[in-house]
Amino acid sequence: MTLIQSFTEGQEITGFYLLKSLQVKQTNATPPKDYLDMILSDTSGEIPAKLWDTSSTDKETFFAPMLVKVRGIVQLYRERLQFKVTQIRPAKDEDGYSITDFVRSAPVQPADLVYTIKAAAASVQDPELRKIIEHCYSKVGDKLMHYPAAKGMHHAFYAGLAYHVVRMLELAEFVCMQRPFLNRDLLVAGIILHDIAKTEELTAELGIVSEYSFTGKLIGHIPLAVSWITEAAVLHGMDLNAEKIVLLQHVILAHHNLAEWGSPVQPQIPEALALHLIDQMDAKLQAAEDAIDTMSMTDEWTTPVRALENKAFYRSKYGKA
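Residues numbered from 1 in each chain as written. Predicted model: local features only at pLDDT ≥ 70, side-chain atom pairs only at ≥ 80, totals over all residues. Heavy atoms only, no water.

Draft legend 1. Representation of the pairing of strand β3 (residues 45-51) within the structure. Of all seven residues that make up β3, five are buried, and the element is covered over most of its length. For strand β2 (residues 34-42) and β3, the ladder comprises seven bridges, and the chain directions are antiparallel. Pairing of L40 across the sheet is with I47, part of β3. Of the pairings in the sheet, the one linking β3 to strand β5 (residues 80-90) comprises two bridges and is parallel in character. The partner of A49 across the bridge, within β5, is F83. (Buried < 20%, exposed > 50% of the residue type's maximum accessible area, 1.4 Å probe, protein only. Helix = DSSP H or I, 4+ residues; strand = E, 2+ residues; numbered from the N terminus. Pairing = 2+ DSSP bridges.)

Structure, rendered in structure tokens:
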């Protein structure tokens, strides 16, 4: 099987790939003709693909996500590789492939990630903060085992949300050791809960976001998480005006920092600032890592990375054999 990462211009390919997204579009011809605008992916990356000669049967047969067998040729379009599909069919059981074989996933087993998060939650000394965390996670069920952290900006892969939280918790331990004036309980609770409501904001399967949910579009994960904290506090008879409750809500509300990024307030306590900076550091480094790991093996520069101000990144060979 030829990995997408190794595709080169002019190469003829036949193989199995994940049909990650699909839209029926129309050409500019007169009269216009329908075609399938797709993204094919595997564990190494993804590539835009087109099926120009689209039949009514094709439009009824194919959907995302699904595993397909394709034949076609790799072309260069506007300095980017794309795949012209000449033949496509759904994968069959007898082909011997599973859709999970073609899904990018966190480099740590989901069960281990969830265990680490639960251990961090148990390490919170304040019993009321622990109860709030437990309540919020009870609403998530098993989604943490597979949900991505975003549709495309960062950690957009199987178990990406849990991986993001664990990496942030690791950074937080160092920051709290270096800056002991920080309230560790508040920072750890904020990290565990800051993106928890993405499990309701996003509609995802196999680590692939198909769309934002109705609630996600109208409310978003930040206000949702704050409402869950309020719900937990009421359930356990806590004072909603207690300082710790307001501070926890603040670190969630402020973690995107700016209104245009979704935060209604900016960080105004050190723990909120720490959470925002840790979140940014992990998200942006992951975006850079993803861009480099999934770029074509023949390229030196990534495509522009949206999460990094649309800058392209150079893959250095320095220090590599």
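Draft legend 2. Local environment of helix α2 (residues 110-122). For α2, which comprises 13 residues, the first-to-last C-alpha distance of 18 Å matches the rise-based estimate of 18 Å (1.5 Å per residue) to within 8%. Taken together, the buried positions of α2 are P110, L113, V114, I117, A120 and A121. Viewed end-on, α2 has its buried residues packed into an arc of 120 degrees, placing them on one side of the element. Away from the buried face of α2 by more than 90 degrees, exposed residues Y115, K118 and A122 are located. In this structure, the buried side of α2 is in contact with α3 (127-138), α4 (160-178) and α5 (184-193). (Expected span 1.5 Å × (residues − 1). Arc of directions from axis to C-beta. Contact = heavy atoms within 4.5 Å.)

Draft legend 3. The layout of surface pockets, seen in detail. In this structure, the second largest pocket encloses a volume near 260 Å³. If you trace the second largest pocket, you find 16 residues lining it, with V114, I117, K118, Y137 and L144 closest to the centre. (1 Å grid on protein atoms, 1.4 Å probe; cavity = no way out; pocket = protein on both sides within 12 Å on 5 of 7 lines; lining within 4 Å. Points joined across faces, edges and corners; volume = space filled by probe spheres on them.)

Just distances and angles here, no functional claims.
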